[in-house]
Every structure is written in structure tokens, then in C-alpha cells.
Amino acid sequence: MSVAVSTSAPLPPASDTNMVTSTFSLVDYVVFVLLLVLSLAIGLYHAYRGWGRHTIGQLLLADRKMGCFPVALSLLATFQSAVAILGVPSEIYRFGTQYWFLGCSYFLGLLIPAHVFIPIFYRLHLTSAYEYLELRFNKAVRVCGTVTFIFQMVIYMGVVLYAPSLALNAGEESQPLTPSHSRLGKTFGRGRWRRVCRKESNLDQVTGFDLWLSVLTLGIVCTVYTALGGLKAVIWTDVFQTLVMFLGQLVVIIVGSAKVGGLGHVWDVASQHGLISGIELDPDPFVRHTFWTLAFGGVFMMLSLYGVNQAQVQRYLSSRTEKAAVLSCYAVFPCQQVVLCMGCLIGLVMFAYYQEYPMSTQQTQAAPDQFALYFVMDLLRGLPGLPGLFVACLFSGSLSTISSAFNSLATVTVEDLIRPWFPHFSEVRATMLSRIIAFGYGLLCLGMAYISSQMGPVLQAAISIFGMVGGPLLGLFCLGMFFPCANPPGAIVGLLAGLIMAFWIGIGSIVTSTGSGRAPTPSNGSSFSLPSNLTAVTMATLTPSTTISKPTGLQRLYSLSYLWYSAHNSTTVIVVGLAVSLLSGGMRGRTLNPRTIYPVLPKLVALLPVSCQKRLHCKTLSQDLSVDTAVFPEKVSNGMLRGSRDKEAMDVPEEGPAHQGISPTFILQETSL
């Protein structure tokens, strides 16, 4: 969608007085430092509260005693990074409100995890989502999934740490943007990546922050409270940081709308300039944003984030009951809608503001990811404390995302790669090892941030890797849950096929755009769905609407809209995995644990009238979820699977009704085609 935005060529300033200079006062610095101090204090409080008595379960899963409210806000904050806070307003400012229809995907994107993924994960008493893969397939599939996830998160967390600080570096002299800069370079300031490689400048003219000082501060604060406090500290700091994010965005909306004449005037101005978008029903999957792409393609992106991502699954499993986990997933829905609406409103207010107050020359030459930051600093100039609050809002997004990455990486490393091979680790040694690993990932994150600054155009590929991996992992879990005939060889080959397809399209798209010496089309402008719901989307929405000839052949494939990316790659995993499974004999000769399967067909048949069910000869069996471990191994605390001889040790259920009840399951039979 192309929108005629009159601010694309604003009036030049009368003098240099309109240039953006430092707007940070002493009060602003106090507000920002207070954010870091309180975040660190929350983590240290939870570390000190149980120091010396922490078990591995308390450190990694908060002792499975978290309530619905903190888990819901933590789920929201995990992938609500600073890039989203800056990116959504810029998307609305440049392309209009079509992006708002992404909110339609939130319904199914959260309903399906609540009723499919959460019950299966929670009832299996997992710590890592990848333990499910061993229960369903075997240890090799579990290791493949774990290594894939670690590769995904290690690269991404360095970018998340570095990018917000770079976005704040708006004081560096901006150069005119050329068409040769490719897709994700545009997202983060295009030529700016290369300029930063040559010149590590300061965040001086906007905030007065030194670039690498802010990176180090974020990394150290995150590492300390995540490693020492564990998941409980991460969740409660997420709650605090989410409230800061809400408050910072709300202040911008209130002050901005008041300055331009109210929200009614903002809406009128946006309507007059064609910024209010209607429903675009074009079914073409290569069009960047349509109703179908946003409302249905976005569902798969949401499932890859809220269904199978370890950072989110770990929060579900920390809930005190299964019902609390489901309710927390429900509670994310209205919160996501509010966050999306606030981002859209900031974009509309920014548009109305610049109709009355022309941009400076420096602002017109800024990269798209810096539009919102320039606007906020311009808007809040002369209001002590409010610029600091917004910068605290940005850094809150980074802190919540990075801390979640550290905690989830430490969890999968301990549970999936270490304890299965060294099952005799004591609780004390395992707890200490988990803290050391979290510290190690913190240092690795700082290293990745430095590498990100030196990679230049190659950084485009590094950012897109996160989105390339999310879809295949979703397909791997769906293959195991929905298809009883899928076997371990099919799962491994399917995952490899999905990753190859994802990297082929993703890297091919980057190479094609770079080699052509032109800007990509809008439909190709965001072909990567990165690990966050809004983080993933907004990083790819900041590309120009350039009208060029329609691509053909492989270039047409490379222009697939980023919101269909997860759907395409997960479908590849399922199709290839099923084909290989059927060719290799399916589950013949292997035992299938019914607790690892979601009974799709029986669930659908149960909705039919009783007479129809009798004609179909459908038979269901209500039975206890604790099936015979002589046939189906169970998971124990050290990440190993155990048989019936250890059953006595696990017969005592944990507190909470989720571990007590009897739920209906169904007899599953593998059928031949």
C-alpha cells in the first residue's frame, strides 16, 4: 500500500536552531537510571530471598507457583522490544493503518496455544519445550531442536541489544538514502550499519548517551538479575518494565494529541491525507500487507512465538496450575490489542504533528527507524523527566527481551544438553551451573553485539536468521502433535528441509535485492518474521513503497510476504516429514505415547450429534493421563526419561489441580493411506 505522505518533503528550517540537540536534563537521567536500578533491585531481591536454598526448579521455573497476572505481562513483554516501540509508529506514519489488521491474527494466534500447546506441555511436566520432542520422537530430534533454538537466539539477542542503542544514535550525520541499500539495512537505518562500522559515534545530540556505554549497561544489568534471580526475577522485572513501556507510550499520545488539537483532529488529518486504510482483500501472498496476509498469515507467526518458543513455554510452565497458564494466554490478547493501538496512535499523532510543525533537515534525512525517536524528543522538549521516561520505555523493551533470551537459553542448555548426559548432578551443582551458563550467555550476547556492529551488510542475514528458524520449529512441533504416523527420521529430515527452504528464500531475497541495485517492492519489503510478535513484524515494515516491474521466476518466490514466511516453512517441515515417515514405515515397530498427541479427529467428531458419532463407530476413552510408564517413559527432574521402576518416586503430584485431575484422552490408532 502506498500512501501520499506530504511530510516526505517538509519545509526546510529557517536556521540551524531547528536541529535536534540534546534534550536530556538531570531529571531525565535520574528517570532512566531509576529504571536500571529498580530492575536490578528486583532481580537481586529474588536472588537474596532464597539464596542457598534455591533448587533448579525454582531457578528455571519459579517453583511453578506464578500467578496469572505476572505471567501474562511477562508473555507480553518478552517479544515487545524497543524496535517495536520505534517501528510501529514509523510504519503507520509512512504507509497508513493497514498494519493494524494484524490484530485480527491475535485471536487464533493465542486461542490455539491456550487449548492445544499449553495442555500438552503442562501435563507432561516439562521444563524445556524440547523435552517434548524426545517423548514424542527420540533424543536425536530433541538435540536437533535444541541446537536450532540456541543458534536462533544467540544471534538474535546480540542484535536486540545493539539495535536500540544504535537507533538512539540519531545525532550522527545522516546521508541521503540510496536505492541500493537492501531490505533489512533499511529497517535499521540502511547505510547507518556501514557508517557505524567506520565510526562509533556518541548518542550525543539526542540523549547524550555513549553508544557502547549503553550497550554494556544493558548487557550487564540483564546478565546480573537474570543469572542470580532466575525466572521469578525475570518475570517480575518484566511486569515492571511492561508498566514503564505502557506509561512511556501513553505520555507521548497524551502530550502529542493535546499539542495538535486532540485525537479527533488527529483522525481528521489522517483521513484527509489517506492514511486511514480500508480492508484490502487481495489474496495474493506476494503483496506485503493485505487483510488475508495480516489476519491469517500472522496466525502462524503468532503460533511460532506463543505456541512453541521456549521463552514463552517456560512462562506457561511456571504457572501454578494449568488453568492459570491458559488464563495468562487469554490475558495477553487484550494487552496485545492495546499495545498495537498505542503504536498506531503514536504514528497518527506524529503525522498530524508534522503537518503543523515542519521537520528539520536532519530529521528528513534520518532513517525510518529513527522517525519516532526524533518526534518524541521534539515533542517532549522542555518537559523535564518525560524524554527520560520514553528512553526508559525503549530500554525496558530491550531489557525484557534480552533477559528472557538469557533465561530460556540457560534452561535448554542445562535441561537438554547437560543433565541428560550427566544425570547425577546434585541440585546445588545444577543451580550453580545454571547461573554460570546464564552469565556465559550474557558475555556471549555482548560479543554478538560487537560483531553486529562490525558485520555491515552481512548483518541483514544475521537479523533474518531468527525468522528463518521460527517457522521450521513450529512445523516440527505440529508434525509431532497432529500426525501420529510421523516418526523420528521424518522429523529430522522435515526439520532440515524446512531450514533449507527458509534459508534459501531468505538469503536469496537479500542477495537478489542487493545485486539488483534497487529497492525491493513493498511485498518483498519484509520477508522475515523475526522472534517476536511485534519485534518480528516491525523490523521488516520500514521499507519504502517503490513501484517497479513485477518479479518473475525465483524472484517472485523471494518476494513472498514476510507474514506467510512462518506458514510456508512450517508447511514444508510437515509435508516432507510426513512423506519420509510414510516411506520409512511410519510408527510401525515403535510405541506412541498418547499424551504427546493432540487428538484432532476425535475432538472434531465430538462436536457432531451422538447419532452421527454412532454411525462413524467413534469410541473415546476417559482415562488418567498417567499412562503406564513401562510402555511410555516419563520425564524426571534431570531431563532424563524414566521407566516404571522409578514410578514410585513420581507418584506424588505437585500442588495444583492441574496435576490431580483426570482428563479425557482418546485411543489413537495409526492408519495407513
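The rules behind the values
- Residues numbered from 1 in each chain as written.
- Predicted model: local features only at pLDDT ≥ 70, side-chain atom pairs only at ≥ 80, totals over all residues.
- Heavy atoms only, no water.
- Helix = DSSP H or I, 4+ residues; strand = E, 2+ residues; numbered from the N terminus.
- Buried < 20%, exposed > 50% of the residue type's maximum accessible area, 1.4 Å probe, protein only.
- Areas by Shrake-Rupley, 256 points an atom, 1.4 Å probe, with all protein chains shown as cover.
- Patch = residues over 30% accessible without salt bridge, like charges linked within 9 Å, V, L, I, M, F, W, Y side chains within 5 Å.
- Salt bridge = Lys/Arg side-chain N within 4 Å of Asp/Glu carboxyl O.
- Phe/Tyr/Trp six-rings, centres within 6.5 Å; stacked < 30°, edge-to-face > 60°.
- Lys NZ or Arg CZ within 6 Å of the ring centre and 35° of its normal.
- Core = buried A, V, L, I, M, F, W, Y, C linked by side-chain atoms within 4.5 Å.
- Contact = heavy atoms within 4.5 Å.
- pLDDT = per-residue confidence, 0-100.
- Expected span 1.5 Å × (residues − 1).
- Bend = angle between axes of the 7 residues up to and from the residue.
- Axes fitted to C-alpha atoms, helices over the stretch in contact; angles between N-to-C directions.
- Parallel < 35°, antiparallel > 145°, perpendicular 65-115°, else oblique.
- Left-handed = near helix turned anticlockwise from the far one by under 90°.
- Nonpolar A, V, L, I, M, F, W, Y, C, P; charged D, E, K, R; others polar.

**Topic: the overall build of the protein chain**
Of regular secondary structure, the protein chain possesses 26 helices and six strands. The proportion of buried residues among the 673 residues of the protein chain is 60%. Accessible surface, the protein chain as shown: approximately 24800 Å² in total, 67% of it carbon and sulfur.

**Some points on a nonpolar patch on the surface**
Taken together, F107, L108, I279, L281, W292 and F296 make up a surface patch of nonpolar side chains, about 580 Å² in accessible area. Looking at the nonpolar patch, the elements with two or more residues in it are α5 (105-123) and α12 (291-306). Here I279 lies in the loop between α11 (263-272) and α12. By relative accessible area, I279 is classed as exposed at 53%.

**Some points on the packing of aromatic side chains**
Considering all chains together, one arrives at 19 aromatic pairs under this definition. Here F32 and F395 contribute two aromatic rings whose centre-to-centre distance is 4.9 Å and whose plane-to-plane angle is 80 degrees, an arrangement assigned as edge-to-face. Of this pair, F32 sits in helix α1 (residues 26-49) while F395 is found in helix α17 (residues 386-418), placing the two residues 363 residues apart along the sequence. Across the pair, F395 and F32 agree in class, each one buried. Each residue in the set F117, F121, Y130, Y132, F149 and F477 is aromatic and connected to the rest through ring pairs, giving one cluster. Between the NZ or CZ atom of K139 and the centre of the ring of W421, over which it lies, the distance is 5.3 Å. Positioned above the aromatic ring of Y357, the side-chain terminus of K259 is 5.6 Å from the ring centre.

**A short note on unusual backbone geometry**
The phi angle at D63 is positive, at roughly 60 degrees, despite the residue not being glycine. Within the secondary structure, D63 sits in the loop between α2 (56-61) and α3 (68-78). The partly exposed category is assigned to D63, whose relative accessible area is 29%. Even without glycine at this site, R64 takes up a positive phi of about 50 degrees. Residue placement: R64 occurs in the loop between α2 and α3.

**Side note on the nonpolar core**
Ranked by internal contacts, the top residues of the largest apolar core, which has 157 residues, are F117, F121, Y132, F375 and F477. Once you skip the residues sitting within four places of it in the chain, F121 turns out to touch L126, A129, Y132, G307, V313, L317, F477 and M481. Membership of the second largest hydrophobic core comes to five residues, among which are L73, L76, C335 and V339.

**Here we look at the environment of L59**
Relative to the assigned elements, L59 resides in helix α2. Since its relative accessible area comes to 3%, L59 is described here as buried. Separated by 375 residues in sequence, L59 and S434 have C-alpha atoms that sit 8.2 Å apart. Discounting residues that sit within four places of it in the chain, L59 has contacts with H54, A227, L228, G229, G230, L231, N407, T431, S434 and R435.

**A look at the side chain of D238**
With respect to the element layout, D238 can be found in helix α10 (residues 211-260). Those residues in contact with D238 that sit more than four places away from it in its chain are S74, A77, T78, R315, S400, S403 and S404.

**Let's talk about the confidence of the model for the protein chain**
Averaged over the protein chain, the pLDDT score is 75; the fraction of residues at 70 or greater is 73%. By mean pLDDT, helix α8 (residues 183-187) is the weakest element of the protein chain at 35, and helix α6 (residues 131-136) is the strongest at 93. Low pLDDT, under 50, characterises residues 1-21; the stretch is placed with 43 contacts to residues that sit more than four places away or in other chains. This stretch, residues 517-548, has a pLDDT under 50; its non-local contacts, to residues over four places away or in other chains, come to 155 contacts.

**Brief notes about α5**
Taking 1.5 Å of rise per residue, the 19 residues of α5 would be expected to cover 27 Å, and the 27 Å separating its terminal C-alpha atoms lies within 8% of that figure. The principal kink in α5, of about 35 degrees, is found at F117, preceding the proline P119 by one to four residues. A positive backbone phi angle near 55 degrees is found at H125, which sits one or two residues after α5.

**Concerning the pattern of salt bridges**
On inspection of all chains with the given rule, the structure shows eight salt bridges. Between R315 and D238 there is a salt bridge whose closest N-O contact spans 3.5 Å. Here R315, found in helix α13 (residues 310-317), pairs with D238, found in helix α10; they are 77 residues apart in sequence, far enough to count as distant. Per residue, the accessibility class of R315 equals that of D238, and both read buried. With a shortest N-O distance of 3.6 Å, D378 and R381 are connected by a salt bridge. One connected set of salt bridges, linked through shared partners, spans E134, K139, R142 and D416.

**Details of the packing of helix α16 (residues 371-379) against α17**
Remark: α16 packs on α17, axes separated minimally by 9 Å, with the N-to-C direction vectors making an angle of 155 degrees. Classified by the interaxial angle, the pair formed by α16 and α17 is roughly antiparallel. Crossing angle aside, the handedness with which α16 passes α17 is right-handed. Across the interface between the two elements, L373, V376 and M377 of α16 pack against P387, F390, V391 and L394 of α17. Here the residues of the contact of α16 with α17 are counted per class, giving seven nonpolar, no polar and no charged.

**A short note on the packing of helix α4 (residues 82-95) against α16**
At a minimum axis distance of 8 Å, the contact between α4 and α16 shows a crossing angle of 95 degrees. Here α4 lies roughly perpendicular to α16, going by the angle between them. Here L86, P89, S90, Y93 and R94 of α4 lie close against α16, whose contacting residues are F371, A372 and L373. Looking at the contact of α4 with α16 residue by residue, the class counts come to six nonpolar, one polar and one charged.

**So, the environment of L135**
Of note, L135 is situated in helix α6. On the basis of relative accessible area, L135 is assigned to the buried category, the value being 10%. Between the alpha carbons of L135 and G480 there is a distance of 9.9 Å; along the sequence they are 345 residues apart.

**Re the environment of Y598**
Turning to its location among the elements, Y598 is positioned in the loop between α23 (565-583) and α24 (600-605). For Y598, a relative accessible area of 18% translates into the label buried. In the structure, Y598 is positioned 481 residues away from F117 in sequence and 8.6 Å away in space, judged by C-alpha atoms. With residues up to four places along the chain from it excluded, the contact list for Y598 reads H115, V116, I120, M481, F482 and K603.

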